[in-house]
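Take a look at the letters that make up each chain.
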Amino acid sequence: QLYREYGEGKTSSTPLSPHVFSIADRAFRNLMRQVPNSSTENEKENSDFTCDQTILISGETGSGKTVTCKHIIQYLAALS
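Quick caveat, the model's predicted, so the values are computed rather than measured. (Residues numbered from 1 in each chain as written. Predicted model: local features only at pLDDT ≥ 70, side-chain atom pairs only at ≥ 80, totals over all residues. Heavy atoms only, no water.)

Draft legend 1. Structural view of the overall build of the protein. Assigned secondary structure in the protein consists of 3 helices and 2 strands. Moving toward the C terminus, one meets the helices and strands of the protein in the order α-α-β-β-α. Restricting to contacts in the protein with at least 6 residues of sequence separation, those with at least 24 account for 32%. Accessible area of the protein: about 6400 Å², with a carbon and sulfur share of 52%. (Helix = DSSP H or I, 4+ residues; strand = E, 2+ residues; numbered from the N terminus. Contact = heavy atoms within 4.5 Å. Areas by Shrake-Rupley, 256 points an atom, 1.4 Å probe, with all protein chains shown as cover.)

Draft legend 2. Spatial organisation of the nonpolar core. Ranked by size, the top nonpolar core spans 5 residues in total: Val 20, Phe 21, Ala 24, Ile 72 and Tyr 75. At the level of elements, helix 2 (20-32) and helix 3 (65-79) are the ones that each hand at least two residues to this core. At 3 residues, helix 2 tops the list of elements feeding residues into this core. If near-sequence neighbours (up to four positions away) are discounted, Val 20 is found in contact with Thr 68 and Ile 72. (Core = buried A, V, L, I, M, F, W, Y, C linked by side-chain atoms within 4.5 Å. Buried < 20%, exposed > 50% of the residue type's maximum accessible area, 1.4 Å probe, protein only.)

Draft legend 3. Representation of the packing of aromatic side chains. The full count for this structure, using the stated rule, is 1 aromatic pair. Measuring from ring centre to ring centre gives 5.5 Å for Phe 21 and Tyr 75, while their planes differ by 35°; the resulting arrangement is tilted. Pair noted here: Phe 21 is in helix 2 and Tyr 75 is in helix 3, with a separation of 54 residues, a long-range link. Its relative accessible area of 6% is what places Phe 21 among the buried residues. Take Tyr 75: its relative accessible area is 3%, and that puts it in the buried class. (Phe/Tyr/Trp six-rings, centres within 6.5 Å; stacked < 30°, edge-to-face > 60°.)

Draft legend 4. Local environment of the environment of Leu 76. Its place among the elements puts Leu 76 in helix 3. For the pair Leu 76 and Asp 25, spaced 51 residues apart in sequence, the C-alpha separation works out to 7.6 Å. For Leu 76, the residues in contact, after removing those within four places along its chain, are Ala 24 and Phe 28.

Nothing here speaks to function; it is geometry throughout.
As structure tokens, this is what we get:
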């Protein structure tokens, strides 16, 4: 249920607070997005590249970093 509420870039009339699934969803969608790159003339034939993404999970001992990472990995696996 949470996948459906937060995933696929859905927005509701009341904005939801940042959530692990919405952050993972945004990272996945940006990773798959093609961005034009026209920095040099020699690279015109390869004018698209994907946007690399990083998700930083931090917190104190016992705050749930490992569980959060597991949720992100499960979500990304479900999307791909």
